[in-house]
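Structural overview for review
As a plain string of letters, each chain reads:
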Amino acid sequence: MQKIFDEVTSLDKRCYEEFFLTEDILMEHASNSIALYINQNLFDKKSILIVCGSGNNGADGIALARLLSSKFEVNLYLANEPKSYMAQQQFKRVKALNIKIIDEIFEADIIVDCLFGTGLNKPLDEKFINLINTLNSYNSFKIACDIPSGINSLGQVNTIAFESDITITMGALKTSLFSDVSKDYVGEIIVVNLGVQRDIYEIEANKFLLDESDMKLPFRNKKNSHKGSYGHLNVVAGCKKGAGIIAAKAAFGFGTGLVSVVCHENLDLPYHIMQTHFISENCSAIAIGMGLGKYETDEIRKILNKPIPKIIDADLFHDKLICEVLDQEIVLTPHPKEFISLLKLCEIADVSIEELQNNRFLYVEKFCKKYPNVVVVLKGANVIIAQNEKQYVNSFGSAVLSKGGSGDVLSGLIGSLLAQGYKPLESAITASLAHTLGAKNYKKNNYSLIPSDLVEEIRKL
Ligand SMILES: NC(=O)C1=CN([C@@H]2O[C@H](COP(=O)(O)OP(=O)(O)OC[C@H]3O[C@@H](n4cnc5c(N)ncnc54)[C@H](O)[C@@H]3O)[C@@H](O)[C@H]2O)[C@@H](O)CC1
Ligand SMILES: Nc1ncnc2c1ncn2[C@@H]1O[C@H](COP(=O)(O)OP(=O)(O)O)[C@@H](O)[C@H]1O
Ligand SMILES: [K+]
């Protein structure tokens, strides 16, 4: 996994104070890294439009123009006069080299957006909205320098942001690149060094971006085993029985030795899934909440109070009952609408979905501060998995998963690993990665996935 930082100003400062680097050295590395990317990957293109603002993001762009001027047809557009000290320095250098500065933008082969980086501190005005709109309309290969202009330090987009194919970000990953809304703007994200290796530039962090290698699948190493060695998951089904059945099928395909659906009504289940009316004697994990609908509170309370690992989903996030079990080390998998209900029931915050989506990391942090044992999986375009002070981001998901039933598969996968003896946080991380990477491997068009396709892909990981 890779570290993510809310801000990097203090990391830059550490470079000056502890490693005796200068702003000029850092910037030369920043611009040189973009130049290197272009030289190595886009050498067949001819024209480059570099669009610069007045601060150091713009300064990176002006320096880039100098570095690429002899190899490409470089066109420098200054949306504002260079204002920061470094922007002015870089400007002197390009003027001395007679690099072409243009008055009107055009559809070049490559566009590099250097309007605003971490310094964006107010909403864009009409002029910048129009400029970014026009840039977005071009069919060029689009590179954002540090962060797509228009995304602020909290990962919010007020009106518009630059829609990049890649974002080349300086020094370290920033939290703002991983809000749900940012996902439509950042493209592929590449981190480059600023004069010291990344592991030296970075300090301790409490946010992390998950990699594929963080997925620890339940491969079987023991030869002398039997079904009981791999646990028994009980999935509690309610009125919408389909949800429980999807979860049960996902769990069985993910390695749990035995899977039973708990339901009073007789169900038509696949032959390998069992049915029980009550929690099984040898149950090693419980998945509950999905499709629960109307239920007998005392019965659910009894199940929730059993000292067995649990994953709780869906309808239970709308019931005060949930607050009784938040001292347990359980996994909760709310989507945004369910999470705002949970925040309200727990008296943490009474907020709209929009407010939550604008501040996902913040509200997860508030929740985990109050309930440090709980593992929260806040669903979304970039899933946040958190326990206590640590937050992990899974950015592998895509709109392929925006379907009823996708969440039930995820609950089943988490329940499956809990039943097999994984710790709650490990279960949530591996299950979430398997869920999104399975969806990524789905090769048909991106609107057609059904839960059984997803389970099939996960079985092939
Ligand atoms: N050590 C450093 O400081 C380094 C900085 N680097 C670059 O510098 C960037 C940060 O530079 P700055 O702090 O100068 O900030 P920016 O260049 O991101 O923007 C700041 C400038 O834009 C103006 N501004 C902010 N919001 C505006 C709005 N909505 N409309 C119009 N003007 C607006 C500000 O008044 C200021 O003049 C980073 O993102 C990165 O690209 C890199 O060169 C690496 C090293
Ligand atoms: N655009 C998207 N990008 C990434 N993941 C997504 C996207 N849309 C949905 N998902 C994922 O799909 C799942 C949907 O879950 P949920 O809304 O609970 O569905 P249901 O309850 O109907 O099964 C979540 O894991 C969510 O993170
Ligand atoms: K930018």
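Residues numbered from 1 in each chain as written. Chains lettered and ligands numbered in written order. Predicted model: local features only at pLDDT ≥ 70, side-chain atom pairs only at ≥ 80, totals over all residues. Heavy atoms only, no water.

1. What to know about the pairing of strand β1 (residues 2–5)
Convention followed: For two strands to be treated as a pair, DSSP must find at least two bridges joining them. Helix and strand definitions here come from DSSP, where helices need a minimum of 4 consecutive H or I residues and strands a minimum of 2 consecutive E residues; each element is numbered from the N-terminal end.
As paired elements, β1 and strand β10 (residues 207–209) share three bridges and run antiparallel to each other. The residue of β10 that forms the bridge with Lys 3 is Phe 208. With two bridges connecting them, β1 and strand β8 (residues 173–174) associate as parallel partners. Across the sheet, Ile 4 pairs through a bridge with Leu 173, a residue of β8.

2. Description of the site of ligand 2
Applicable threshold: The cutoff for a nearby residue is simple: one of its non-hydrogen atoms must lie within 4 Å of the molecule or strand. Definition of a polar contact: a pair of N or O atoms within 3.5 Å, with one able to donate and the other able to accept a hydrogen when the atoms are protein atoms, and with sequence-neighbouring residues admitted only if both atoms are side-chain atoms. Cavities and pockets were defined on a 1 Å grid built over protein atoms only: a cavity is a set of grid points that admits a 1.4 Å probe from which the probe cannot escape, a pocket is an open set flanked by protein on both sides within 12 Å along at least five of seven lines, and lining residues are those with an atom within 4 Å of any such point. Here the criterion for a molecule occupying a pocket or cavity is that more than half of its atoms lie within 2 Å of the pocket grid points. Three residue categories are used. Nonpolar comprises Ala, Val, Leu, Ile, Met, Phe, Trp, Tyr, Cys and Pro, charged comprises Asp, Glu, Lys and Arg, and polar comprises the others, including Gly.
Around ligand 2 there are 18 residues in total, and Lys 379, Ser 402, Gly 405, Gly 407 and Asp 408 lie nearest to it. Contact distances for ligand 2 include 3.1 Å between an oxygen atom and a backbone N or O atom of Gly 380. Within the backbone of Ser 398, an N or O atom sits 3.2 Å from a nitrogen atom of ligand 2. Of the pockets mapped on this structure, ligand 2 occupies the second largest pocket. The class makeup of the residues in the shell around ligand 2 is five nonpolar, 10 polar and three charged.

3. Quick word on the UniProt feature "domain: YjeF N-terminal" (unreviewed entry) in the protein chain
Selection rule: UniProt positions are given in the numbering used here, feature names are shortened, and annotations may be inferred rather than shown by experiment.
Mapped onto the present numbering, the UniProt feature "domain: YjeF N-terminal" (unreviewed entry) falls at residues 8–202. What you have in residues 8–202 is 36% helix and 18% strand, and the ends, taken at the C-alpha atoms, are 9 Å apart.

4. Observations concerning the site of ligand 1
Put simply, the rule reads: Here the open area of atoms and residues is found with the Shrake-Rupley method and a 1.4 Å probe, where only the protein chains shown may cover a residue.
The immediate surroundings of ligand 1 are formed by 24 residues, with Tyr 16, Asp 60, Gly 117, Lys 122 and Asp 146 found nearest. At 3.2 Å, a side-chain N or O of Asp 12 approaches a nitrogen atom of ligand 1. Summarising the interface, the protein chains cover 84% of the accessible area of ligand 1, which totals 870 Å² for the free molecule. More than half of the atoms of ligand 1 fall within 2 Å of the grid points belonging to the largest pocket. Listing elements by their share of the shell around ligand 1, those giving two or more residues are α1 (9–19), α2 (23–41) and α3 (56–68). Per element, the largest residue contribution to the shell around ligand 1 is four residues, and it comes from α2. Looking at the shell around ligand 1 residue by residue, the class counts come to 10 nonpolar, eight polar and six charged.

5. Concerning the pattern of salt bridges
Heads up, the rule is: A side-chain nitrogen of Lys or Arg and a carboxyl oxygen of Asp or Glu constitute a salt bridge if their distance falls within 4 Å.
Counted under the stated rule, the structure contains 14 salt bridges. Close ionic contact of Lys 13 with Glu 17 constitutes a salt bridge, the shortest N to O distance being 3.8 Å. Linking Lys 13 with Glu 17, this pair stays in helix α1, spanning four residues, or about one helical turn. In this structure, the salt-bridge partner of Glu 202 is Arg 198, at a minimum N-O distance of 3.0 Å. Linked by salt bridges that have partners in common, Asp 298, Arg 301 and Glu 324 make up one network.

6. Focus: the sheet that holds strand β5 (residues 110–114)
Spatially, seven strands are ordered β4-β3-β2-β5-β6-β7-β9 in an open sheet, and the strand pairing comes out parallel. In this open sheet, the two strands that pair with only one neighbour each are β4 (101–102) and β9 (188–192).

7. Section: the environment of Phe 278
Note the threshold: Classification of residues uses two cut-offs on accessible area relative to the type maximum, computed with a 1.4 Å probe and protein chains only: under 20% is buried, over 50% is exposed, and between them is partly exposed. Only heavy atoms matter for contacts: two residues are in contact if any of them lie within 4.5 Å across the pair.
Its location among the elements puts Phe 278 in the loop between β13 (274–276) and β14 (285–288). Taking the relative accessible area as the measure of exposure, Phe 278 reaches 57% and is therefore exposed. Taking the C-alpha atoms as reference, Phe 278 lies 9.3 Å from Val 261; in sequence the two are 17 residues apart. Ignoring sequence-local partners within four residues, the contact set of Phe 278 consists of Asn 234, Val 262 and His 264.

8. Some remarks on the sheet that holds strand β17 (residues 375–378)
Sheet strands pair via backbone hydrogen bonds, and the direction of the pair is either parallel or antiparallel. Note the cut-off: Geometry is summarised by axes, namely lines fitted to C-alpha atoms with helices restricted to the contacting stretch, and by angles between N-to-C directions that run from 0 to 180 degrees.
Across the sheet, which stays open at both edges, the 12 strands sit in the order β8-β1-β10-β19-β18-β17-β16-β15-β14-β11-β12-β13 with mixed pairing between neighbours. Both edges of this open sheet fall to β8 and β13, since each of them pairs with a single strand only. Judged from the five bridges that link them, strand β11 (residues 232–236) and strand β12 (residues 258–262) form a sheet pairing that is parallel. Directly across from Val 235, in β12, lies its bridge partner Val 261. Here helix α8 (residues 297–304) sits on the sheet in contact with β11, β14 and β15 (310–312), set at roughly 145° to β14.

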